[in-house]
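Residue-level listing of the chains:
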Amino acid sequence: MINKNIKIYVAGHNGMVGSAICRSLKANRYLHVIGKSSKELDLRNQQQVNDFFKDEKPQIIIDAAARVGGILANNNYPYLFLMDNLLIQNNLINAAHENNAEKFIFLGSSCIYPKLAPQPLKEEYLLTASLEPTNEWYAIAKITGVKACEAIRKQYNKDFVSLMPTNLYGPFDNFDLQTSHVLPAMMRKFHDAKINNNADVTLWGSGTPMREFLHVDDLAKAVLFALQNKLPNYLYNVGTGVDLTIRELAEIMQKVTGHKGSITWDATKPDGTPRKLMDNSAMKNLGWEHEVNLQQGIEQTYQWFLNHVDQIKEVKI
Ligand SMILES: NC(=O)c1ccc[n+]([C@@H]2O[C@H](COP(=O)([O-])OP(=O)(O)OC[C@H]3O[C@@H](n4cnc5c(N)ncnc54)[C@H](OP(=O)(O)O)[C@@H]3O)[C@@H](O)[C@H]2O)c1
């Protein structure tokens, strides 16, 4: 059992993932959870990070801080996506190591796996072939984080572990059409079209790629599981094990938002990886499983969106 007074630092606690993890820690009565915004502590700055660790000495670190974005942002800002993520994670991992933290949970994403890897994606497929070019900058940074945690685990026998969630959605997502991921972008497009006299909606690509989506509260439960248990391996996928086409997702979104117009598919825009389904059997065998059904999760998230429509997050680069 982990002592509920242990000092836990959630890096990126204001983000969609970080805030879900904080909600889950609070619900499970962890009493000493700390966080800093990027304005208070720029994690790209090594000196600031080292000073923070020296002062605070967190015993457990959950790294949910990253420069995150969809295909468009990744494509347009390759250096930012590579370098910001490398700097953030290197500073955190090394400071945690040097300050003898007990545990480090690193969050990456399913884009670390090769573009044409067999499906469902197993952890062992890491570094077996080329990445999807549209997000390889982000993916290479994340792979480096996974490997840094694996190396510390091997060399120093420390509990540094990496969780790779599939596509996430939920409250506090980024709904900016230039920088967001597919699900929140679709929600925003259908909502805006609905209130604009059910205008037509144009969606990117062919609609045929298959994607898997996990509610962020389910990921937070997986993080809690990794916090409370010493996981035997260095890398775990976190997903539902079920995927659908982007076209099917659009149909759910249209139904949930109540949009009555038509949909056009813009095939001049990139599709990305044809399929990205995670094999979640390793986490499942240890005892974690998702709970939120996709349609219900989208309904809840749209309700949250409607309740926060004046203050929804729009991440600008
Ligand atoms: N969203 C997804 O679909 C998805 C899927 C798989 C994996 N993940 C992983 O989950 C993690 C979090 O993603 P998210 O969706 O929660 O992203 P998010 O909502 O954009 O949150 C990212 C957080 O990182 C912090 N951050 C960024 N740059 C920083 C800097 N230089 N210094 C300090 N803090 C900084 C931000 O802090 P401020 O708010 O204070 O600026 C923000 O709270 C990432 O590692 C991502 O790879 C996300």
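Read on for a plain summary of the structure. (Residues numbered from 1 in each chain as written. Predicted model: local features only at pLDDT ≥ 70, side-chain atom pairs only at ≥ 80, totals over all residues. Heavy atoms only, no water.)

### Focus on the site of the ligand
For the ligand, the set of nearby residues contains 27 residues, the closest of which are Val17, Ser38, Tyr138, Lys142 and Lys313. Contact between the ligand and Ser38: an oxygen atom at 2.6 Å from a side-chain N or O atom of the residue. Here the ligand loses 86% of its free accessible area of 890 Å² to cover by the protein chains. At the level of secondary structure, the elements contributing two or more residues to the shell around the ligand comprise α1 (16-27), α5 (136-156) and β6 (167-169). Its residues placed into classes, the shell around the ligand shows 13 nonpolar, ten polar and four charged. (Near = heavy atom within 4 Å. Polar contact = N/O pair within 3.5 Å; in protein donor to acceptor, adjacent residues only side chain to side chain. Areas by Shrake-Rupley, 256 points an atom, 1.4 Å probe, with all protein chains shown as cover. Helix = DSSP H or I, 4+ residues; strand = E, 2+ residues; numbered from the N terminus. Nonpolar A, V, L, I, M, F, W, Y, C, P; charged D, E, K, R; others polar.)

### So, the packing of aromatic side chains
This model, assessed by the stated rule, comprises nine aromatic pairs. With a centroid separation of 6.0 Å and an interplanar angle of 80°, the aromatic rings of Tyr9 and Phe53 are classed as edge-to-face. Of this pair, Tyr9 sits in strand β1 (residues 8-11) while Phe53 sits in helix α2 (residues 46-56), and the two are 44 residues apart along the sequence. Classification of Tyr9 as buried rests on a relative accessible area of 0%. What makes Phe53 buried here is its relative accessible area of 0%. Put simply, the rings of Phe172, Phe175, Tyr302, Trp304 and Phe305 touch in pairs and so form one group of aromatic residues. Cation over ring: Lys158 sits above Tyr156, and NZ or CZ is 5.8 Å from the ring centre. (Phe/Tyr/Trp six-rings, centres within 6.5 Å; stacked < 30°, edge-to-face > 60°. Buried < 20%, exposed > 50% of the residue type's maximum accessible area, 1.4 Å probe, protein only. Lys NZ or Arg CZ within 6 Å of the ring centre and 35° of its normal.)

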